[in-house]
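Commentary on secondary and tertiary structure
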Amino acid sequence: MALVVAGVVVLDCAEPEKLALFYTELLEAEQTDASANRVEIKGADGTRMAFRRDMTATPPSWPRPENSLQVHLDFHVEDLDEAERRVVSLGGRPLETKEASGPFEERGYADPAGHSFTLRRITRDTAPKSG
């Protein structure tokens, strides 16, 4: 076993209960632990996140340079439009509207506490592999 193993991504925020609810709904997750200052969730795919109370947390301002990107999360989706509707219905907001260049389509968002994340479209390769 490795000396150090990945644990959980922790986001600081003023209201961990509310932010945990946003990500619980977005990731179809379940709450696995909670205390007065921290809530932890585990997504259906095993993704683990926690939200820690910090009344002085300053949300990133990305893409503006002041308080720029502090942490960035990527989530893979098959349907960007459907995922965007879900994000917005849960209280998230788009950060940019231009399409990304390159092989992946992606869109940037902020969660209700201002943390940025990306929805990146993935495609399933259904064609048979040639030998």
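Below is a summary of the structure that appears in this document. Please read all numbers here as calculations on a predicted model, not as lab measurements. (Residues numbered from 1 in each chain as written. Predicted model: local features only at pLDDT ≥ 70, side-chain atom pairs only at ≥ 80, totals over all residues. Heavy atoms only, no water.)

This paragraph deals with the overall build of the chain. A count of helical and extended segments in the chain gives two helices and eight strands. The buried share of the chain, reckoned over its 131 residues, is 30%. Summed over all atoms, the accessible surface of the chain reaches about 8600 Å², with 50% contributed by carbon and sulfur. (Helix = DSSP H or I, 4+ residues; strand = E, 2+ residues; numbered from the N terminus. Buried < 20%, exposed > 50% of the residue type's maximum accessible area, 1.4 Å probe, protein only. Areas by Shrake-Rupley, 256 points an atom, 1.4 Å probe, with all protein chains shown as cover.)

Let's shift gears to the sheet that holds strand 3 (residues 38–42). Taken in spatial order, the four strands make up an open sheet running 1-4-3-2, and their pairing is mixed. The sheet is open, and its two borders are formed by strand 1 (9–13) and strand 2 (30–34), each paired with just one other strand. If you compare each strand with its neighbour and ignore which way they point, the axes differ by 25° on average. With four bridges connecting them, strand 2 and strand 3 associate as antiparallel partners. Its bridge partner being in strand 3, glutamate 30 is matched across the sheet by lysine 42. Helix 1 (residues 16–26) contacts strand 1, strand 3 and strand 4 (48–53) of the sheet and is inclined by roughly 160° relative to strand 4. (Pairing = 2+ DSSP bridges. Axes fitted to C-alpha atoms, helices over the stretch in contact; angles between N-to-C directions. Contact = heavy atoms within 4.5 Å.)

The biggest cluster of nonpolar side chains holds 22 residues, and the ones touching the most others in it are Tyr23, Met49, Phe51, Phe75, Phe117 and Leu119. Of all the secondary structure elements, the ones that give two or more residues to this core are strand 1, helix 1, strand 3, strand 4, strand 5 (73–77), helix 2 (80–89) and strand 8 (116–121). The biggest single contributor to this core is helix 1, with five residues. Excluding residues within four positions of it along the chain, leucine 119 makes contact with Phe75, Val77, Leu80, Ala83, Glu84, Val87, Glu105, Glu106, Arg107 and Tyr109. (Core = buried A, V, L, I, M, F, W, Y, C linked by side-chain atoms within 4.5 Å.)

As enumerated under the stated definition, the model contains twelve salt bridges in all. The closest approach of N and O atoms between arginine 121 and glutamate 105, which form a salt bridge, is 2.7 Å. Placement of the pair is arginine 121 in strand 8 and glutamate 105 in strand 7 (residues 105–110), with a sequence separation of 16 residues. What makes arginine 121 partly exposed here is its relative accessible area of 27%. (Salt bridge = Lys/Arg side-chain N within 4 Å of Asp/Glu carboxyl O.)

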